[in-house]
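Okay, here's what each chain looks like letter by letter:
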Amino acid sequence: MSSTADNPANKKQLLWGKINRNGLILALFAFLSTGLIAITHQLTKQKIALAVEHNMISQLSQIVPQGLYDNEVYQDCIKIRSLSLLGSNRFQKAYRLRKHRKDVALLLTAVAPDGYSGPIEFSMAISKTGQIMGLNIISHRETPGLGDKIERRKGNWLDQFNGLAIKNKKQNWGVKKDGGQFDALTGATITPRAMVKAAYNALLFYQQHQQQLFTQASNCYQKDE
Amino acid sequence: MNNTTQYSRIIKNGLWDNNTALVQLLGLCPLLAVTGTLINGLGLGLATTFVLVGSNVTVSMIRNYIPKEIRIPIFVMLIASFVTNIQLLMNAYTYQLYLILGIFIPLIVTNCTIIGRAEAFASKNPPLPSAVDGLAQGIGFTLVLMLLGALREFIGQGTILDGAHLLFGDWAKDLTIHFYLTEQKFLFAILPPGAFIGLGLLIAIKNSLRKS
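Residues numbered from 1 in each chain as written. Chains lettered and ligands numbered in written order. Predicted model: local features only at pLDDT ≥ 70, side-chain atom pairs only at ≥ 80, totals over all residues. Heavy atoms only, no water.

Caption draft 1: Molecular detail of the pairing of strand 3 (residues 102–112) of chain A. Residues and elements named next belong to chain A. Taking burial as the measure, the 11 residues of strand 3 include eight buried ones, the bulk of the element. Count of turn residues in the strand 2 (residues 88–99)/strand 3 antiparallel hairpin: two residues, of which histidine 100 carries a positive phi of about 45°. Looking at chain direction, strand 3 and strand 4 (residues 120–127) are connected through eight bridges and run antiparallel. The residue bridging alanine 105 from the neighbouring strand is serine 127, located in strand 4. (Buried < 20%, exposed > 50% of the residue type's maximum accessible area, 1.4 Å probe, protein only. Helix = DSSP H or I, 4+ residues; strand = E, 2+ residues; numbered from the N terminus. Pairing = 2+ DSSP bridges.)

Caption draft 2: Examining the domain arrangement of chain A more closely. All names here are of chain A. The domain architecture assigned to chain A consists of domain 1 (1–58) and domain 2 (65–215). Taken over C-alpha atoms, the centre of domain 1 sits 41 Å from the centre of domain 2. Every contact between the two is made by five residues of domain 1 and, on the other side, eight residues of domain 2. With both chains or domains summed, domain 1 and domain 2 bury close to 600 Å², and 69% of this area falls on carbon and sulfur atoms. Considering only the side of domain 1, the residues that lose the most area to domain 2 are Glu53, Met56 and Ile57, jointly responsible for 83% of the buried surface there. Between domain 1 and domain 2 we count one salt bridge in total. With a closest N to O distance of 3.7 Å, glutamate 53 and lysine 93 form a salt bridge. Grouping the amino acids of the side of domain 1 that touches domain 2 by side-chain chemistry returns three nonpolar, one polar and one charged. (Domains from an automatic or database assignment. Contact = heavy atoms within 4.5 Å. Buried area = accessible area lost by both parts, 1.4 Å probe. Salt bridge = Lys/Arg side-chain N within 4 Å of Asp/Glu carboxyl O. Nonpolar A, V, L, I, M, F, W, Y, C, P; charged D, E, K, R; others polar.)

Caption draft 3: Region of the structure containing a nonpolar patch on the surface. Residues and elements named next belong to chain B. The grouping of Leu151, Phe154, Ile155, Ile177, Phe179, Tyr180, Phe186, Phe188, Phe196, Ile197 and Leu201 at the surface amounts to a nonpolar patch, some 1000 Å² of accessible area in total. Contributions of two or more residues to the nonpolar patch are made by helix 9 (127–157) and helix 12 (192–211). For isoleucine 155, the position within the fold is in helix 9. (Patch = residues over 30% accessible without salt bridge, like charges linked within 9 Å, V, L, I, M, F, W, Y side chains within 5 Å. Areas by Shrake-Rupley, 256 points an atom, 1.4 Å probe, with all protein chains shown as cover.)

Caption draft 4: Fine view of the sheet that holds strand 2 of chain A. Residue and element names in this part refer to chain A. The five strands are arranged 1-2-3-4-5 in an open sheet whose pairing can be described as antiparallel. Either end of the sheet is taken by a strand with one partner, and the two such strands are strand 1 (77–82) and strand 5 (132–139). Pairs of neighbouring strands in the sheet enclose a mean axial angle of 25°, with direction left out of account. Pairing of strand 4 with strand 5, which is carried by six bridges, proceeds in the antiparallel orientation. From the neighbouring strand, phenylalanine 122 faces strand 5, where its bridge partner is isoleucine 137. Sheet contacts for helix 2 (residues 8–58): strand 2, strand 3, strand 4 and strand 5; angle to strand 2, the most-contacted strand, approximately 40°. Packed onto the sheet, helix 4 (residues 190–215) meets strand 1, strand 2, strand 3, strand 4 and strand 5 and runs at close to 50° relative to strand 4. (Axes fitted to C-alpha atoms, helices over the stretch in contact; angles between N-to-C directions.)

Caption draft 5: Molecular detail of the pattern of salt bridges. All names here are of chain A. Applying the stated criterion to the full structure yields 12 salt bridges over all chains. Across the pair arginine 96 and aspartate 76 runs a salt bridge whose closest N-O atoms are separated by 3.1 Å. One end of the pair, arginine 96, is in strand 2; the other, aspartate 76, is in the loop between helix 2 and strand 1, with 20 residues separating them in the sequence. You can call arginine 96 buried: its relative accessible area is 1%.

Caption draft 6: Inspection of the confidence of the model for chain A at higher detail. Chain-level pLDDT for chain A is 87 on average; 94% of the residues reach the 70-or-more range. Of all the helices and strands in chain A, helix 1 (residues 2–6) of chain A carries the lowest mean pLDDT, 56, while strand 4 of chain A carries the highest, 94. (pLDDT = per-residue confidence, 0-100.)

Caption draft 7: Spatial organisation of the packing of aromatic side chains. Evaluation of the coordinates by the stated rule reveals eight aromatic pairs over all chains. Taken together through their ring pairs, the aromatic side chains of A:Trp157, A:Phe161, A:Trp173, A:Phe182 and A:Tyr200 make up a single cluster. Over the face of the ring belonging to A:Phe214 we find A:Lys128, whose NZ or CZ atom lies 5.7 Å from the ring centre. Lying across the ring of B:Trp16, B:Lys206 places its NZ or CZ 4.5 Å from the centre. (Phe/Tyr/Trp six-rings, centres within 6.5 Å; stacked < 30°, edge-to-face > 60°. Lys NZ or Arg CZ within 6 Å of the ring centre and 35° of its normal.)

This is the structure:
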């Protein structure tokens, strides 16, 4: 018996058998765990999108007084997309706020692609005249205790944007460190820098498409082509 | 060994004798990153405890089916998929909670406590003791996070329980205790170096308690 086990050829075969078996088991677990994530992702995708949208619109009252509009904001919505100005290849949404059928303001979602640890999604309300009415953060992964101070419930950093328009000098659109007018956050400069840039770009997008943004027919709930 | 003594030993191990943060010195990355305030520490602690119990039970259940040579990559995959699934489910079904704790969840993956317990305990024990171990280790970790958070918050900005409403709802706004008002925050305590020194002090205190 021992002579066959000591035989180098047999040993090699044994080793290969083990490697094959372990490789297979590893592949099986990789398949299972990835599959599980894929399934959960599919099952929760819509639910998450709904929760995010719901939350965003329920927070609208923080930046736009409710008396200013009377339409169904959810329904009055178009898809917009601009990699350079809205920060993402994916469709963003623009909700129209109207009172007595007159355009009042626009609530659009956009992305600051260069946050400290990944993209920061936010929503921004812009009045018909092109002034920022307010910003809200939708999601981000900034460092807890430092960059996350941009969140409305952790401070009023976002209020600095209120009332600004594109006609404010370009150089003012920056954090103080860079010669602009925005306060940075203690221990976090990259986050505010990304937000200021993204807000400016989103405003530019509004400027360029203003007419179309208010007149185009709602299409948010049609299937993506 | 009878059951009760076994469990009480597991619990004592997790909370004190073999505490994750003070003795094993595991999970320091998230620990140093988020303990700027007590509430942040509590948030990360809760999320970690939850994942720790889940991954311990899962690893324990499959412990007899995986070959020894490849157990580590399998644990890594299991934990990663566990954390991602929790993140997705929380995002979908408890969105408000996700907004608060969601930021801590990616940090959990970087916490070696999880794989440490999978390897050191769950891969050698049945599911129930493994669950108890996960819970005890998690709570031990949480307590240190809270203590360090409170310390840094007190020194850095003169408050305790700042931001409690983020975790408990608006009624908790009044829980915040202001000890003194600072013109300028004491940055050193709030930034990571303060965490290193704070943790060092805690470890020193624990060691001196053990000796006496």
